[in-house]
Each structure stands twice: as C-alpha cells, then as structure tokens.
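Notes for the structure review
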Amino acid sequence: MTAKTNQDHVFYRNPTRFYPTAVRGEGIYIYDSEGKQYMDGSGGAVVVSIGHGVPEIREAMLKQAGLISFTHGSQFTTEPAIELADELIRMSPPEMNRVYYLSGGSEAVETAVKMARQYQVDRGRPSKYKVISRWTSYHGNTLGALALSGHTGRRKYYQPLMMHTPHIAPCYCYRCPFGLEPERCAVECADDLEKAILYEGPDSVSAFIAEPVVGATAGALVPRDGYFQRIREICDRHDVLLIIDEVMTGVGRTGRRFAMEHWNVSPDMIVCAKGLASGYTPIYCLIVREEIHRGIREGNGNFVHGHTYSQNPLSCSIALAVLRYLEKHDLVARCADMGRYLLEKLQGLLRHGIVGDVRGLGLFCGVELVKDRASKEPFDPKMRMNALIGNRAFEKGLITYPGGGGADGVRGDHILLAPPFIIKKEEIDRMVGILDASIGEIMKGKSL
Ligand SMILES: Cc1ncc(COP(=O)(O)O)c(C=O)c1O
C-alpha cells in the first residue's frame, strides 16, 4: 500500500509525505483544515518569534500596503527601509553602521561573501578571496551557501556543482573533534582556524563565516566561552573578516538581541535573521561595519550586486513592526527566562537511554539522540530516528525541527526546539511532555 500524499499541483519538499493544510495561526498554535491544533515548538524552522496572528503586524502590513508595497532599490529609498535600518543599528554592536536588505538567508550569506570580496578588492587586497567555514554547519542551500555549509548529507548530490572552499573543525564539546574533555580543552577548535589560514595563505583569505550557535546541522551547539574571542583575535591577526551567520540566532532567539553579545565579540558582518519579521514576510539583512561600506563607496563606488525584492517597503514595514512589538513586550528578556526553564525541563529527557545530550541558549535548544550513551555511537541514518520521533510528536500536536548529520556529516540525530518567545511555562511543560512520550513510544516500538 502506498502512503497517502497530497493530490494537488504543488511540488512539495518531500513528495512521498502527506502535509496537512494549515489554515490559521494564533499565538504559539497552528490549526489545520480538520481543526487540529499544533503547538509550534520550533517556530517552523526557527522563524516565528512573536507568535502567529498578531493584530499589530496585520495593521502595519495593511497601512503600508495602502501607501506603497514595492519600489526597486536602484530607484528609491523609503521611510520603512530607513527606519528599520536605524532600529537595527541601534540593536547592533557599536561598530555596525549599515544595513543591506535581502529576502532569503542563503541569498544573504552569498551577499556577505560577495561584499567581503569586493571590499578586499576595493581596498587594494585583490588576492584575498577565500572564505573559510566549519564542518557541522549550515549556511543555506543555494550552491555558494551550500559550498560553505558543512553537512555532507545536504552537499552530496550537488558536490560536482559546488566550488571547493576550506572547512575547519566545529566547536562541538559533546563530540570534541580533538578528543578532549572540557577540563583539558584549550579551545583547539578555534586554533584550527589559524592553521587553515596559514595553510591557505593569509593573503588569499578574505573571510571566515560561522553560526554563533549551530542550528540545523547539530541541534543548538553552544560554543564554550573563549571560542569566539579567540576566533576574533585570529581574524584580526590575519586581516580576515569575521562574518557571523545569525540567520537562526539573531533578533532575540538566544535571549540576547544577537547571540554574539553572550561573548562580547563584535563581528565585521552579521547575517540576520529568520526572526527579523517572525515569518510575516521574507526579509533578511546584512549588518556591516562602516569600514566595509566606506571601502566600497570609496573604491568602486557601487556594490556590484542586487536583488529585485530586497529593500521593498512592505517587508521593511512588517519587520519594523515586529521589532517594535518585541521591544514593547520585552520579549527578548522573556526568551532568556523561558529558555532557562525549557533547558531545565529538557534535562528530564536524559532518563531515556537514547538521549545523549541536551543543550541550548535562550529558546533555542537541542536534544541529541544516540544509539549508545556510553560510546555516543549514533544511530544508523537508515533508521531515521529523528524523523520517527519528530513525526510521532507531530501526530500528537507538537511541531519540532528534527535534523541529522551532526556526528560526521551523515550520522547523528537531533531534535531542535525553538518555540515563539511568548510561550508560557505550562506550555513548555506540555511540549516537553509530548516529546518525552514520543521518545518513549518510539523506543518501545523499536525495542530499544
Ligand atoms: C544559519 C543559517 N544560515 C542560512 C540559512 C539559509 O536560510 P534560507 O533557508 O532562508 O535560505 C539557514 C536556514 O536554516 C540557517 O540556519
């Protein structure tokens, strides 16, 4: 018997699966056409921060749509674009001074790479072009962003189409790439960047890109304190730009406006962020230091780049309304508080033999699943443990964001949780309860 699938003309992400029809969202809940309620325990793919169906955002959309929805960035600026940039710069480290708008995360990552390259050429360093990234990372699915991503499973099909770029070890304490225990760690994984720069030749390296807390490929890998401070020193020593990919972590998700605030490190560029408009419209941006803007203005004079929908006033006005809503309701502080509570509750899952690690920062938490807790051996990916547990939770009305490949690019299972910042303690209890029951049921079914 073949599984039930959607019989319409949409090319779905997974055409072998059945997707319920979502018709309405309110707060942390989504409702389907059958009236079933789902708790949005992952904000989709770590997108929804202020919750679904907020009336103030609809008002802002309607107001701007009544004025003008689209202007092209080569022809006009608009008040929403100016005001949103002011607000973002106010939220960013003091060295940041300019905002370049985009409509997707992969597009924003590739824009950062191109901007870094043009800056290097325009300031008289034309030999600098390489961008170093890390294994166990995700920066997007377009070919340039995928080339930087360190996820073998996602890269495998497209390998012949991608340019080769250097990758270094991740900062993954649960599976330390250097086989060290925390007491013996001297942040060797950060020094791996220096080695790579020296091997590649500092004159050829334009930038280093990393997620502050790794999301999609490993389930909220929080770096140890000292890691990003060392990375910043290494970048400075070799005149390499530091690009921080805050697509998942930015705009409050880790309990700070930007995750790098946790370590007091200021990058050269911030790629920002799914949560910028909380899913109400596709808008991302690059926030950059004034030197970069000045370098390009005084060099070529024109950033040789551009996308049709970037800087559109409708998206800018929606993002502005979201930022104001976050501030008015003090939701970033709330995210920090609720995040501590979520992480504490998740510790209870360690009673299951297949839960190897729980970790997180703010409302950005991961549960790593292992076949054997003592050896940390991952499950055979063919078992699809992450999907089995994620699907069981979905049936029970909890949306999570399962992923894999953290252990070696192919093996390794995790469940990512990232609910909207408005979630209440009793809802966190229910969310963890559903996940707990789902893990228990799958273990029983597999006799684990
Ligand atoms: C850290 C990071 N960078 C980039 C991207 C790509 O964003 P998009 O899916 O909007 O292209 C993602 C998506 O999950 C991400 O997590």
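All values reported here derive from a predicted model rather than from experimental measurement.

Let us now look at the environment of Val23. Along the polypeptide, Val23 turns up in strand β1 (residues 22-26). Those residues in contact with Val23 that lie beyond four places of it in its chain are Tyr31, Asp32 and Ser33.

Within the structure, the ligand sits among 14 residues, and Gly104, Gly105, Ser106, Gly140 and Val247 are positioned closest to it. Here the shell around the ligand takes 3 residues from helix α4 (residues 105-122), the largest share from any one element. Across the shell around the ligand, the residue classes break down as 6 nonpolar, 6 polar and 2 charged.

To continue, consider the domain arrangement of the protein chain. Domain parsing of the protein chain yields domain 1 (22-54 + 330-445) and domain 2 (56-328). Once you take the C-alpha centre of each, domain 1 and domain 2 turn out to be 25 Å apart. Between domain 1 and domain 2, the residue contacts involve 36 residues of the former and 35 residues of the latter. Those elements that provide at least two residues to the side of domain 1 that touches domain 2 are α1 (43-46), α11 (331-346), β11 (355-360), β12 (365-369), β14 (401-404) and β15 (413-417).

A few words on the packing of α11 against helix α13 (residues 425-445). The contact between α11 and α13 brings their axes to 10 Å, and the two run at 30°. The angle between the axes of α11 and α13 places the two elements in the roughly parallel class. Where α11 crosses over α13, the two elements pack in a sense that is right-handed. Between α11, through Met338, Tyr341, Leu342, Lys345 and Leu346, and α13, the contact on the second element is made entirely by Lys425, Ile428, Asp429 and Val432. The residue inventory of the contact of α11 with α13, partitioned by class, reads 6 nonpolar, no polar and 3 charged.

Right, let's get into α4. With 18 residues, α4 should reach 26 Å at 1.5 Å per residue; the first-to-last C-alpha distance of 25 Å fits that figure. Buried residues dominate α4, accounting for 15 of its 18 residues. Count one or two residues on from α4 and you reach Gly124, which has phi positive near 90°.

With that out of the way, let us pick up the sheet that holds β14. Sheet architecture is open: 4 strands sit in the order β11-β12-β15-β14, paired in antiparallel fashion. Edge positions in the open sheet fall to β11 and β14, since each of these has one partner strand only. Shown here is a sheet whose adjacent strand axes are inclined to one another by a mean of 20°, direction ignored. Direction of pairing for β11 relative to β12: antiparallel, over a ladder of 5 bridges.

Residue Ala273 is bonded to the preceding Cys272 through a cis peptide linkage, with omega at -15°. With respect to the helices, strands and loops of the structure, Ala273 is situated in the loop between β9 (269-272) and β10 (284-289). Positive phi outside glycine occurs at Ser278, with the angle close to 50°. Relative to the helices and strands, Ser278 is located in the loop between β9 and β10. For Ser278, a count of 29 C-beta atoms within 10 Å translates into the label buried. Of note, Asp330 is a non-glycine position whose phi angle comes to about 50°, a positive value. Following the sequence through the fold, Asp330 ends up in the loop between α10 (313-328) and α11.

What counts as what
- Residues numbered from 1 in each chain as written.
- Predicted model: local features only at pLDDT ≥ 70, side-chain atom pairs only at ≥ 80, totals over all residues.
- Helix = DSSP H or I, 4+ residues; strand = E, 2+ residues; numbered from the N terminus.
- Contact = placed C-beta atoms within 7 Å.
- Near = placed C-beta within 6 Å.
- Nonpolar A, V, L, I, M, F, W, Y, C, P; charged D, E, K, R; others polar.
- Domains from an automatic or database assignment.
- Axes fitted to C-alpha atoms, helices over the stretch in contact; angles between N-to-C directions.
- Parallel < 35°, antiparallel > 145°, perpendicular 65-115°, else oblique.
- Left-handed = near helix turned anticlockwise from the far one by under 90°.
- Expected span 1.5 Å × (residues − 1).
- Buried ≥ 20, exposed ≤ 12 C-beta atoms within 10 Å, placed from the backbone.
- Pairing = 2+ DSSP bridges.

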